[in-house]
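# Architecture at a glance
Chain by chain, the residues:
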Amino acid sequence: MAKIIPQPGIMQITPYVGGASTVDGIANVIKLSSNENPFGPSPHAVEAFQRAGHELHRYPNTDHGALRQAIGDFHGLDPDRIICGVGSDEVITFLCQAYSGPGTEVIHTEHGFSMYRISALAAGATPVMVPERERMVDVDEILKGVTDKTSLVFVTNPGNPTATMVSHGELARLARELPDHVLLVLDAAYAEYVDGFDGEASLVSKYENVFMTRTFSKMYGLGGLRIGWGYGASDVIDVLNRVRGPFNLSMPQLAAAEAALRDRDHATRCLRENTRLRSWLAETLAEFGVPSDTSCTNFILARFASEDEASTCNTYLQEQGIIVRKVGGYGLPNCLRITVGDEASCRRVAHMIGRFKGGAPGSKLMLLEEDRLEEGEGT
């Protein structure tokens with residue numbers, strides 16, 4: 001009997017592992033490992049999801065017309081140049097399936113999202129990692145990595161897990177200097193956390209070789225429903241729709257996403273609270289000797305003195321019922337990625353890291369936090 005073997009590249013894939021959500025022996029944990037919105041989805045999104053449950057026997061619309069129109073209206077984009085998917089992950093899969101394959105190369109940066117490599121390998125392409133500079137995407141390194149075989153370049157902006165951001169000017173330069181046969185994909189999953197940022201939709205409108213992906217999983221709190229979208233040139237959208245399954249999004253997904261997008265009050269509150277608590281958390285940890293780059297996302301990348309210290313701190317936090325994310329697999333072994341949770345969660349994780357580090361000598365901020373926590377405030 002002939003041996004059944006998978007396509008080349010698939011056995012090189014290390015399956016993606018999401019952020020942990022449980023700790024053995026601890027019933028109630030604080031989960032800060034998956035960059036989820038601590039305030040959850042809009043109540044209007046929940047209501048729309050529940051209403052859609054009455055029509056589960058009906059097939060959903062195959063073209064996602066209402067959601068694409070809502071996205072287009074809000075962002076000022078042509079709905080005909082928008083495609084929706086099961087999270088932005090599926091849109092990334094479509095891109096690799098349609099534009100890469102055996103004999104092609106897909107560039108991703110040193111600390112970029114692991115799904116770029118996975119999706120490239122699944123399509124039979126060769127993933128090519130290029131260096132970053134101090135946790136920042138380096139356009140010159142990307143250009144140096146381009147060959148005649150390059151088909152796609154993936155850039156996460158703002159970055160995950162780095163939380164850093166590439167300037168508009170640098171990305172425009174990258175778009176201009178890439179060869180005609182290369183499609184630049186800008187993954188803007190965290191765009192909503194940068195006030196006034198369009199995710200570089202303006203670059204997509206200006207350059208036909210630029211594509212943008214977005215998600216409802218972060219700011220809109222719909223990670224459990226898996227809804228994403230992409231915006232690109234009409235020709236690219238036409239190609240992607242040829243590989244997209246006809247019913248890839250359900251009616252509850254479509255209804256919830258549209259309602260979430262229209263609830264601007266909820267999104268504004270989430271942005272305001274994330275911005276406030278992100279600054280507080282970063283400043284507090286820095287006082288304890290745990291610095292981080294300026295974050296443009298809903299998490300911070302806390303840097304420790306060594307891989308051992310980061311690992312030991314991670315274990316200590318788990319013992320206290322706090323789950324953060326180790327990012328050694330992203331080439332950052334001395335770092336922990338910490339989601340910006342609600343106020344109680346931020347105070348708790350800062351308090352425990354402060355204890356782990358022995359506190360900051362003479363720190364009034366630390367003493368204040370200890371007093372508040374001992375009194376039960378924010379716990």
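Heads up: the structure comes first, above all this text.
The following paragraphs examine the structure supplied in this document. In this text the structure is predicted, and so the values were computed from the model without any measurement. (Residues numbered from 1 in each chain as written. Predicted model: local features only at pLDDT ≥ 70, side-chain atom pairs only at ≥ 80, totals over all residues. Heavy atoms only, no water.)

## Describing helix α9 (residues 251-262)
With 12 residues, α9 extends 17 Å between its outermost C-alpha atoms, agreeing within 8% with the 16 Å of an ideal straight helix rising 1.5 Å per residue. Within the sequence span of α9, burial applies to Pro252, Gln253, Leu254, Ala256, Ala257, Ala259, Ala260 and Leu261. (Helix = DSSP H or I, 4+ residues; strand = E, 2+ residues; numbered from the N terminus. Expected span 1.5 Å × (residues − 1). Buried < 20%, exposed > 50% of the residue type's maximum accessible area, 1.4 Å probe, protein only.)

## Some thoughts on the side chain of Arg244
Examined against the element boundaries, Arg244 turns out to sit in the loop between α8 (234-243) and α9. A distance of 3.0 Å separates a polar side-chain atom of Arg244 from the backbone oxygen of Thr62. Arg244 has contacts with Thr62, Asp63, His64, Ile83, Cys84 and Phe94, leaving out every residue within four places of it along the chain. (Polar contact = N/O pair within 3.5 Å; in protein donor to acceptor, adjacent residues only side chain to side chain. Contact = heavy atoms within 4.5 Å.)

## What to know about the sheet that holds strand β7 (residues 210-215)
As summarised here, the arrangement of the 7 strands in space is β2-β8-β7-β6-β5-β3-β4, forming an open sheet in which the pairing is mixed. Every interior strand has two partners, whereas the edge strands, β2 (82-85) and β4 (126-130), have only one. Here the average twist between neighbouring strands, direction ignored, is 20°. Of the pairings in the sheet, the one linking strand β6 (residues 183-187) to β7 comprises 4 bridges and is parallel in character. Bridge pairing links Asp187 to Thr213 in β7. Packed onto the sheet, helix α6 (residues 168-177) meets β5 (150-156), β6 and β7 and runs at close to 155° relative to β6. (Pairing = 2+ DSSP bridges. Axes fitted to C-alpha atoms, helices over the stretch in contact; angles between N-to-C directions.)

## Concerning the nonpolar core
Among the nonpolar cores identified, the biggest contains 51 residues, and Val155, Leu174, Leu184, Phe216 and Trp229 are the most heavily contacted of them. At 5 residues, the largest contribution of residues to this core is made by α9. Not counting residues up to four positions away in its chain, the partners in contact with Val155 are Tyr116, Val137, Ile142, Val166, Leu171, Leu174, Leu184, Val185, Leu186 and Asp187. Grouped together as the second largest cluster of nonpolar side chains are 27 residues, Leu95, Ile118, Ala125 and Ile237 included. (Core = buried A, V, L, I, M, F, W, Y, C linked by side-chain atoms within 4.5 Å.)

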